[in-house]
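# Breakdown of the fold
In case you want the letters, here they are:
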Amino acid sequence: FPLEKELEMEVKGRDLTAGIPRTMNISSVEIREALNEPVTAIVEAVKQAEDGEDLIVRLYECHGSTTKARIRLNLPCRSVSLVDMLEENLRKLAGKTSEVTLEFTPYAIHTLRIVR
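This report concerns the structure included in the present document. What you see is a predicted model, and the numbers here were worked out from it, not measured in a lab.

Right, let's talk about the layout of surface pockets for a bit. The space that makes up the largest pocket amounts to roughly 1400 Å³. Lining the largest pocket are 36 residues; nearest its centre among them are Ala-34, Val-43, Arg-72, Leu-73 and Asn-74.

In structure tokens form, the structure reads like this:
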């Protein structure tokens, strides 16, 4: 629902690609677009892999239902793999891409390894 006056906010964080601090502005329009699709999975953790520079992302299904979740990556990557809790590869999900779709059973936890 559009606001009478659209809002904008400054957000500070670390640019994962360059590894340096970054500041950007986001608007209420961008937030509404991001929340347009229903949330079916929650990102619980994002960290560096124990054995290198890869990125580990852990997600879980939050509604107690079987579902698919589309994960959009806002960083360049060479591949995305499904891994176990010890970060051992189970199977490759995608090559060079910015989007991955995961299937979840109720309350399932998935861990991804993103090779940058």
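Let's pick the thread back up.
Position of Asp-15 among the secondary structure elements: in strand β1 (residues 8-15). The exposure class assigned to Asp-15 is buried, which follows from its relative accessible area of 19%. Of the polar contacts made by the side chain of Asp-15, one reaches the backbone nitrogen of Ala-18; its length is 3.1 Å. Non-local contacts of Asp-15, meaning those with residues more than four positions away in its chain, are made with Ile-20 and Arg-22.

A separate point is the environment of Glu-50. Along the chain, Glu-50 turns up in the loop between β3 (41-48) and β4 (55-61). A distance of 2.9 Å separates the side chain of Glu-50 from the side chain of Lys-47, its partner in a polar contact.

About the criteria used
- Residues numbered from 1 in each chain as written.
- Predicted model: local features only at pLDDT ≥ 70, side-chain atom pairs only at ≥ 80, totals over all residues.
- Heavy atoms only, no water.
- 1 Å grid on protein atoms, 1.4 Å probe; cavity = no way out; pocket = protein on both sides within 12 Å on 5 of 7 lines; lining within 4 Å.
- Points joined across faces, edges and corners; volume = space filled by probe spheres on them.
- Helix = DSSP H or I, 4+ residues; strand = E, 2+ residues; numbered from the N terminus.
- Buried < 20%, exposed > 50% of the residue type's maximum accessible area, 1.4 Å probe, protein only.
- Polar contact = N/O pair within 3.5 Å; in protein donor to acceptor, adjacent residues only side chain to side chain.
- Contact = heavy atoms within 4.5 Å.

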